[in-house]
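# Fold and contact review
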Amino acid sequence: MKFRIEKDTLGEVSIPNDKYWGAQTERSRANFKIGKPASMPSEIIMGFAYLKKAAAYTNCDLGVLSIEKRDAIATVCAEILEGKLNEHFPLVIWQTGSGTQSNMNVNEVIANRAQVINGLSIENDEPLIRANDDVNKSQSSNDSFPTAMHIASYKMLIECTIPAIEKLKTTIEQKSIQFKEVVKIGRTHLMDATPLTLGQELSGYVSQLNHGLKALKNTLPHLSEIALGGTAVGTGLNTPQGYDILVAEYISEFTGHSFTTAKNKFEAMAAHDAMVESHGALKQIAVSLNKIANDIRMLASGPRSGIGEILIPENEPGSSIMPGKVNPTQCEALTMVCAQIIGNDVAISVGGMQGHYELNVFKPMIAYNFLQSAELLSDACHSFDIHCAQGIEPNYKRINELLNNSLMLVTALNTKIGYYKAAEIAQTAHKNGTTLKEEAIRLGYLTAEEFDQWVKPENMV
């Protein structure tokens, strides 16, 4: 492999000749060999591409960057957004907490790639654009990295996560309407309770997801605020007048989503409460989905020795030793995703605490965990919807068997004969292995006709 020599403020560095990154990227590669490959998420790199292009246009409009340099930066940013330069972003998330090295990685790639596009040599010709002076103009890593975080996270939520959750919610809502007349036994404390319909049970899941989606959407305005324009500590040093507002307008134009300059850039750089807040809503949805998936797997348990009140799709063999076994694999996958998201929330919460004076220094970890959660939730909801929720059907025979065998139907007699006599009927029937009706008649508390008139599950929902 051939190498070239590049210099930074610490001296000379050897860099693979076929790569566009520069000295600071190479130093980070050498100094942070931590864990198995955990590259900076591509969404963050694309977030940088959007903001570097927007910064170039803004700087040009405000008279501090030439049109030639603007267009050179924009051309490379377009290539980054098309995924053509992915191999040139090798850095891991375990680096400086400000993300400075990834910011410089992007700056260097843009500068060197622009050099090549324009037929110039990286080693021998005068630079067309410079990584720090031109690509990074009016920026600091301290305001550009959190901006990339917000762009990436906002786009992921709007374009992937929220639509997937809404689709799953719609499927369950349709099922709740479809099964609104299917009367089944309810359960509290995992024990038999009074009846409800399968549709009512499913409607609870719909309500959970509605609340979670509302909470998540309520965090979006804060997440759409960007730090760019604050530079090193939030004061906006070295930016031209009006830069912060105009650059947000360009980012909005280029991404197709509405971004605004942060009302307080000191907060936007020193803390990441917007990320903590939004991920908290993702955690809330994960908690809801964990409950929903567990209920569905228990309701489908069996097929003969469990509850078995619903049928779910049989997608793959469930055992290497037990022939014919089928497992609720989509429920298992979804609940594992929920556990990961809840774990990520702890990491993000701890990361959010690491704002010291004017800078939070856990940015890469926060960004990585947030994007992982958002993507996992999107994919898991999509998979669960297609391969499980859409195929849910009632097991009518089993539902009726369990409903009619339940002792808690005796609750309908409370207002007729009183709680204590009703309890005596239930306890005696359970002890003797008889039916409620048999014991009610034997104890002399009501007639067969009265029992049939008063104990009707369909009237108890």
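Residues numbered from 1 in each chain as written. Predicted model: local features only at pLDDT ≥ 70, side-chain atom pairs only at ≥ 80, totals over all residues. Heavy atoms only, no water.

## Some words on the nonpolar core
The nonpolar side chains of soluble globular proteins are, as a tendency, buried together. In this structure, Ile44, Ile110, Ile129, Leu289, Ile296 and Phe384 are the most contacted members of the largest nonpolar core, which totals 101 residues. When residues of this core are assigned to their parent elements, the largest contribution, 13 residues, is made by helix α6 (residues 141-178). Those residues within four positions of Ile296 in sequence are excluded, and the remaining contacts are Ile310, Ile312, Cys331, Phe384, Cys388 and Ile392. Core analysis: the next-biggest nonpolar cluster, separate from the first, contains 16 residues, Val183, Val410, Ile417 and Ala426 among them. (Core = buried A, V, L, I, M, F, W, Y, C linked by side-chain atoms within 4.5 Å. Buried < 20%, exposed > 50% of the residue type's maximum accessible area, 1.4 Å probe, protein only. Helix = DSSP H or I, 4+ residues; strand = E, 2+ residues; numbered from the N terminus. Contact = heavy atoms within 4.5 Å.)

## Let's talk about the packing of aromatic side chains
Under the definition given, this model contains 6 aromatic pairs. Ring centres 5.4 Å apart and planes at 85 degrees place the aromatic pair Tyr419 and Tyr420 in the edge-to-face group. Taking the relative accessible area as the measure of exposure, Tyr419 reaches 55% and is therefore exposed. Taken together, the ring pairs in this structure connect Tyr57, Tyr250 and Phe254 into an aromatic cluster. Lying across the ring of Phe254, Lys53 places its NZ or CZ 4.3 Å from the centre. Stacked on the ring of Tyr57, the Lys or Arg Arg70 has its end atom at 4.5 Å from the ring centre. (Phe/Tyr/Trp six-rings, centres within 6.5 Å; stacked < 30°, edge-to-face > 60°. Lys NZ or Arg CZ within 6 Å of the ring centre and 35° of its normal.)

## Section: the packing of helix α2 (residues 42-61) against helix α4 (residues 100-117)
Where α2 contacts α4, the axes come no closer than 10 Å and their chain directions differ by 60 degrees. In terms of their interaxial angle, α2 and α4 are classed as oblique. As α2 packs across α4, the resulting crossing turns out to be right-handed. Along its contact with α2, which presents Ile45, Phe48 and Lys52, the element α4 presents Ser102, Asn103, Val106, Asn107 and Ile110. Along the lines of polarity and charge, the residues of the contact of α2 with α4 split into 4 nonpolar, 3 polar and 1 charged. (Axes fitted to C-alpha atoms, helices over the stretch in contact; angles between N-to-C directions. Parallel < 35°, antiparallel > 145°, perpendicular 65-115°, else oblique. Left-handed = near helix turned anticlockwise from the far one by under 90°. Nonpolar A, V, L, I, M, F, W, Y, C, P; charged D, E, K, R; others polar.)

## A few points about helix α11 (residues 329-352)
The end-to-end C-alpha separation of α11 is 34 Å, in line with the 34 Å expected for 24 residues at 1.5 Å each. For α11, the full list of buried residues reads Gln330, Cys331, Leu334, Thr335, Val337, Cys338, Ile341, Asn344, Asp345, Ile348, Gly351 and Gly352. Along its buried surface, α11 packs onto α10 (273-299), β8 (355-356), β9 (359-360) and α12 (363-387). (Expected span 1.5 Å × (residues − 1).)

## Overview of the state of the cysteines
Scanning the model with the defined rule gives 0 disulfides in all. Cys60 carries a free sulfur, and the closest cysteine sulfur to it, the one in Cys77, is 14 Å from it. Note on Cys338: no disulfide assigned, nearest cysteine sulfur contributed by Cys381 at a separation of 7.7 Å. (Disulfide = S-S within 2.5 Å.)

## Side note on the pattern of salt bridges
Side-chain pairing between opposite charges can occur once the charged atoms of the two side chains come close. For the coordinates displayed, the defined rule picks out 23 salt bridges. Between Glu6 and Arg4 there is a salt bridge whose closest N-O contact spans 3.0 Å. The class of Arg4 is buried, set by a relative accessible area of 1%. Across the pair Lys437 and Asp452 runs a salt bridge, and its minimum N-O distance is 3.1 Å. Separated by 15 residues along the polypeptide, Lys437 in helix α16 (residues 436-442) and Asp452 in helix α17 (residues 448-454) bring together distant segments of the chain. Note on Lys437: relative accessible area 29%, which makes it partly exposed. In this structure Asp452 comes out as partly exposed when scored by relative accessible area, which is 40%. (Salt bridge = Lys/Arg side-chain N within 4 Å of Asp/Glu carboxyl O.)

## Section: a nonpolar patch on the surface
Where nonpolar side chains cluster on the molecular surface, the patch consists of Val346, Val350, Met353, Val361 and Phe362 and spans about 410 Å² of accessible area. For Val350, the position within the fold is in helix α11. When its relative accessible area of 35% is taken as the criterion, Val350 is described as partly exposed. (Patch = residues over 30% accessible without salt bridge, like charges linked within 9 Å, V, L, I, M, F, W, Y side chains within 5 Å. Areas by Shrake-Rupley, 256 points an atom, 1.4 Å probe, with all protein chains shown as cover.)

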